[in-house]
Amino acid sequence: MNGREFAESTADTANEQPRSVTAAPHALLALQATAGNRAVTRMLAVQREPLDAPVLDSRAMAVTVGPELEKERASVLAAYETADEPQREALRDKLLQIDKDLTLLNEPGASDQALNALIARRKAAVSVGPTTDTSGAGWQVGSSGLTSSSQSVTSQVNDGGYVQTSTTTSSTTIDSTGWANKKSETNTLANGSDSASQTTTTDRKVDIANGLNYTSGSSQKTEASGESRTTGSSSTVGTSGYSTTTEDTKTVGSTVDSTKSTSAITRGDGKLGWSDSETRKTGTQDGKGALTKGSETTSSSNAGVIAGPDGVGAYGGGSKSFTQTRAKGMSTGQTVGLDGKVVANVTQVPGSEPARYQVTLTVSLSGKAGLSGNAAGESELQGGKASGGLSGSVSASGTGTFVHVFNEDEAQKYMASVTAGGAGSGPKELQVIKQLAAGNLADAKALLTNAQASLMSADGVAGLKEGESGEITIDLKGEVGGNLGGDMAGFGVKGTASGSKGVKLKRSVARKGGKIVIDVAMDYTDSLGAGATVSMDLASGGYSGSKSETQTEGATFTLDPDNRAYQEQFDAIAGVRSVESLRHVAQTHKDLVSSSTTGSGHGTTSTATAGAAGVGVEIGTTNSYDEKVTVGEYGKTSTFTGTEGGSLALTGPGGVKVSHSETNTVSASVGIDGTATGDLSTTTSGTDLGGSAAALGKALTDNKLGLLTGSAKVMQETTEVCGMALSDGDFATIAAVAEEVNRWKKVEQDGDVYSDWIRLRFKIVKAKGDRTVIAKALAEYGADHEGATKAIGRIVRSVGSAQGGTLYDWPGALSAEKAQYAALITGDPLAPVREHRSKGTYAEGIQVANALLPKIDAVVTAMRANQDKFSDGTALGEMLAAAATRRGEIVREAASLRQLNGGGAAEVDVEAAKAELAGIQPALLEFERRQGKAFVTVQDELDDMYVNHRTIMEALNDLRDNVYPAWEKTLEQARKAAASAGLDPWAIQPTPGKGFFNQLHKEAFGGPPPYEWPPKPKP
């Protein structure tokens, strides 16, 4: 009985379908010819004689090949017994396919598509009518947002025994990045082991993660007997610019030849430009598309213009990378790149008449080259994998800063050349812009070198006008790294190591007071790093650390361009290339050295990680110490800085991350007169839980869809810097307390740092008031101890006192106001007013003084509007009081100038006192607000069934030790101002509510009242 008779004898003729004869689709035949697969084309074009058998359903027809499969299986098993190992491998694969086919025959839910494929694979000469399987999932909510998908598969077997399948899929996703849709249609024709297919895919996406952008693309892939071709293109347009990408990939077996290119017009961050990139890959690859042998090359370039807050200019860049994959998992790579940027900015020279303008042009070029090598291998017996790699790179960057002083016409012409993309003649830095704008990086580099050379020539520098300057920085760095790892049976381990060495040479020249001032500085940096990670199934952990050291040496030379030895002196300084040559020149020309600087520093970082099932924790630490000493004509200045910090982050599924970090810094400077200033600061940043909860509530009310898709930002971040500025008097306090061992011991009781705290006292006592020794000791302690800033702060300002140090607190949201406060309050804004007084230009001085008042009021208004963002209410109150003091000083100066300008006999002190008093009121109200919050906290606890006495104690102690002392100090300031203004000083309100404080304290703890109330009558 032949195959047709067997099929007919076992078929269920009651369910016969009309006979259908379907020829091989012409589109697929043409597709094969286009792909070059002539053999498959001829196979599909064979004309078979029409079959007389009826068309059967897939299940009935597939069952007919069962006996043949059983017989073939027995034959393969028999052959396996006598075969050698290479033959056995092929037989195992064949036996595996037979077992899969037999299982499919007995599977109740097998699809018609799978059964038809089985029929075609066994080359049964039958036909099966078309059937369609559909599946789909409605809208579902998951970690990636909203998703929906569907699939439709139509399958049939034609008269020639070919299985013909058409598959259509569609999926849509809405997540935090926007909306995306993907559709694909695949047509397949198969017979036995021969097959051909064509797939067309279209993608569309609306991206809201980076502005608003729309992407659309399509691709087509053809496959036939181990050969495939994929072509496609896509484009994106939106607020980020426009880009287009094309791809052409051809594979024959495991051999691949692909090219992917992208062109884009980009905008953002004050830049508008274009970029191109192309990646070419050739060789052999594995089933995942990774090269096993061959090469991959990527080239890219970009250029454009800059127009932002830092100025206007141009940029350009290019890079090329090469990767060679060799046999047995070995690969090597090389990279090379060059980037450039030029930015110009214009500012008016203060006090110039007629107006003159300072134009600053900064040109930067950087390049990098690297080598890498990697190896990987597998153990067939143990099933494990091992890998390792080495890498190295060198980088160089050069920056030139050119400062010109022009009148208005000259400045406009210069900036016109910058915005026009440079000039073909004139200043060499403008020629650099022209080359950058054209993408000619090599020519730009040559021109920058030439421009730098002009700044390093005696004649070029002598030609600088008064106030003009130039600066050249050359930065060289080399890096090496390696990694080694492996995994087996779900257990993996990997180690990494790296090292780098860098040197920076900085030269600046300027004309000041008719002299040529040259600064030369050299910085050396060395760093080492290592790390390891361990993983097992869903759990992992790791640790990494680094250590760095820096050395700095510099000198400032002052030359007279009219001196006959000027050329020789200048050439000697310009020839400095190392620390040794710098020292030699400084020693040889001691008479030219106006100052010299030496510095050193070291630092360490560490990070520990652990995670399981998508949830992780990261713990980090950082410590650093730096010192710098400058010796000049009038003496020595020193600066010391110690920093310690830590961070903690919790991560979860979907990119959720809750973090907190804290960095404590102790810095101190000692001037040429031997007096010291310092700063104790704590910078905190991380997830704002309160702000995140508020954002979540707002999203639940106003943006439910955004909350569902992830586009609504719930997790909010916050940053704040709190601290205390130290005066020389505060250093005297530190030295005095160190002399009293019991007072010193009481400040720090933490057993982990107690012994180091005592050793710090010994250093300070031994210094005998020497500010340099004390400053260095404090910074060194701050570099290694977590609570250093708080402990030193408690010495400067003892508990319950408002004397000592100057408190400050700046939330990240008020960064602009922080800069304004520094200029208006802690700085000296009255310097130009005093200059007008000395010149006799009183009217102009009055204008300058009056213009300062609204600026101060604007800063104070912003601070009060964001009062809830200040964690240290005492600091906020003291800052507002300081602003009031400055307000009074400005009004006093303006009133005094009005008198000198013939404006009448104004009561200068009265005006100043009233202005100060008006400014003090916000500070008093802030102290009252903080008191009210503390009282509410205490009352809430007292009303609770389970009273938390610790919370009550902390709230009342903060009032007693911090708020009330600062409040009373500010009240004293206000009463003095009131008395000067002719007002009743005892009418100043608000005042501390110590009577209610006593009542709350008694209710919570009993005992005698902390404060005398009512207070004794004032004299």
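Parameters and conventions
Position labels on residues start from 1 in each chain and follow its written sequence. Where totals are concerned, whole chains, interfaces and linings use all residues; where local detail is concerned, this predicted model gives features only for residues with pLDDT of at least 70, and gives and counts side-chain atom pairs only at 80 or more. Computation of side-chain values: all heavy atoms of the structure, hydrogens and water removed. Numbered from the N terminus, helices here are DSSP runs of H or I no shorter than four residues, and strands are runs of E no shorter than two. Should any heavy atoms of two residues lie within 4.5 Å, those residues are counted as being in contact. Only the protein chains shown count as cover for residues, and the accessible areas themselves come from Shrake-Rupley with a 1.4 Å probe. Grid spacing is 1 Å over the protein atoms alone, the probe is 1.4 Å, and a cavity is where that probe fits but cannot get out, while a pocket is an open set with protein on both sides within 12 Å along at least five of seven lines and lining residues have an atom within 4 Å of a point. Grid points are joined across faces, edges and corners, and a volume is the space filled by probe spheres set on the points. Lys, Arg, Asp and Glu make up the charged group, whereas Ala, Val, Leu, Ile, Met, Phe, Trp, Tyr, Cys and Pro make up the nonpolar group; the residues left over, Gly among them, are polar. To sort residues, take the accessible area from a 1.4 Å probe on protein chains only and compare it with the maximum for the residue type: under 20% means buried, over 50% means exposed, and anything in between is partly exposed. Residues enter patches when their relative accessible area tops 30% and they take part in no salt bridge; the joining distance is 9 Å for like charges and 5 Å for the nonpolar side chains Val, Leu, Ile, Met, Phe, Trp and Tyr. Should a side-chain nitrogen of Lys or Arg be within 4 Å of a carboxyl oxygen of Asp or Glu, the pair is scored as a salt bridge. One requirement defines pairing of two strands: DSSP has to find at least two bridges between them. A residue counts as positive if it is Lys or Arg and as negative if it is Asp or Glu; His and the chain ends are not included. A charge is said to be at NZ when it belongs to Lys, at CZ for Arg, at CG for Asp and at CD for Glu. To estimate the expected span of a helix, subtract one from its residue number and multiply by 1.5 Å. Under this definition, polar contacts are N or O atom pairs within 3.5 Å; protein pairs additionally need one hydrogen-donor-capable and one acceptor-capable atom, and for neighbouring residues in sequence, both atoms have to be side-chain atoms. Among buried residues, the Ala, Val, Leu, Ile, Met, Phe, Trp, Tyr and Cys ones that are joined through side-chain atoms within 4.5 Å form a nonpolar core.

Caption draft 1: Highlighting the overall build of the chain. On a plain count of helices and strands, the chain comes out with 27 helices and 26 strands. Once local pairs closer than 6 in sequence are excluded, the contacts in the chain between residues at least 24 apart make up 60%. Surface accessibility of the chain: about 53,000 Å² in total, with carbon and sulfur atoms responsible for 54%.

Caption draft 2: Geometry of the layout of surface pockets. In this structure, the largest pocket occupies an estimated 1,000 Å³ of space. Every residue lining the largest pocket is counted, 36 residues in all, and those nearest its centre are Lys790, Leu807, Asp872, Asp958 and Asn962. Listing elements by their share of the lining of the largest pocket, those giving two or more residues are β24 (676-688), β25 (716-726), α20 (788-796), α24 (873-900), α25 (908-943) and α26 (949-980). With nine residues, the single largest contributor to the lining of the largest pocket is α26. For the lining of the largest pocket, a count of residues per class yields eleven nonpolar, 14 polar and eleven charged. Here the second largest pocket defines a volume of roughly 670 Å³. In terms of lining, the second largest pocket is formed by 24 residues, of which the most central are Thr806, Leu807, Tyr821, Glu878 and Ala882.

Caption draft 3: A look at the environment of Gln803. Locating Gln803 in the fold gives a position in the loop between α20 and β26 (806-811). A relative accessible area of 52% means that Gln803 is categorised as exposed. Considered as a pair, Gln803 and Asp730 are 73 residues apart in the sequence and their alpha carbons are 9.7 Å apart. Beyond its immediate chain neighbours, meaning those up to four positions away, Gln803 contacts Val796, Arg797 and Lys969.

Caption draft 4: A look at a nonpolar patch on the surface. Together, Tyr214, Val237, Tyr242, Ile265, Leu272, Trp274 and Val305 make up an exposed nonpolar region whose accessible area comes to about 650 Å². Relative to the helices and strands, Tyr214 is located in strand β6 (residues 213-224). Residue classification places Tyr214 among the partly exposed residues on the basis of a relative accessible area of 35%.

Caption draft 5: Examining unusual backbone geometry more closely. Across the junction of Gln989 and Pro990, the peptide omega takes the value 0 degrees, indicating a cis bond. For Pro990, the position within the fold is in the loop between α26 and α27 (994-1005). In the segment running from Trp1013 into Pro1014, the intervening peptide bond is cis, with an omega of -5 degrees. Notably, Lys768 is not glycine yet its phi reads approximately 50 degrees, a positive angle. Here Lys768 shows up in the loop between α18 (754-767) and α19 (771-784).

Caption draft 6: Region of interest: the pairing of β24. Pairing analysis gives eleven bridges linking strand β23 (residues 657-670) to β24, with the strands arranged antiparallel. Note that in β24 the partner of Thr665 across the bridge is Ser681. Note: β24 against β25, eleven bridges, orientation antiparallel. Within β25, the position partnered with Thr682 by the bridge is Cys722.

Caption draft 7: Quick peek at a negative patch on the surface. Taken together, the side chains of Asp940, Asp943, Asp944 and Glu1003 present a region of like negative charge at the surface. By the secondary structure assignment, Asp944 is in the loop between α25 and α26.

Caption draft 8: Seen up close, α24. In a regular helix each residue adds 1.5 Å, so 28 residues correspond to 40 Å; α24 covers 41 Å between its end C-alpha atoms and thus fits that length. The buried fraction of α24 amounts to 21 of the 28 residues, a majority that puts the element mostly inside the structure. The opening residue of α24 is Asp872, an N-cap whose side-chain oxygen sits 3.1 Å from the backbone nitrogen of Thr874. Two residues or fewer past α24, Gly902 is found with a positive phi of approximately 80 degrees.

Caption draft 9: Quick look at the nonpolar core. Membership of the largest hydrophobic core comes to 36 residues, with the highest contact counts inside it found for Phe731, Ile734, Trp744, Trp757, Leu760, Ile764 and Leu778. Breaking this core down by element, the ones donating at least two residues are β23, β24, β25, α16 (728-739), α17 (741-747), α18, α19 and α20. If near-sequence neighbours (up to four positions away) are discounted, Leu760 is found in contact with Trp744, Ala777, Leu778 and Tyr781. Of all hydrophobic cores here, the second largest spans 30 residues; its members include Tyr821, Ile846, Ile890 and Ala915.

Caption draft 10: Structural detail: the pattern of salt bridges. Counted by the stated rule, this structure contains 32 salt bridges. Arg280 is paired through a salt bridge with Asp257; the nearest N and O atoms lie 3.0 Å apart. Of this pair, Arg280 sits in strand β10 (residues 271-285) while Asp257 sits in strand β9 (residues 255-268), and the two are 23 residues apart along the sequence. On the basis of relative accessible area, Arg280 is assigned to the partly exposed category, the value being 38%. Judged by relative accessible area, which is 34%, Asp257 ranks as partly exposed. What emerges from the salt-bridge pattern is a single network uniting Glu627, Lys763, Lys776 and Glu780.

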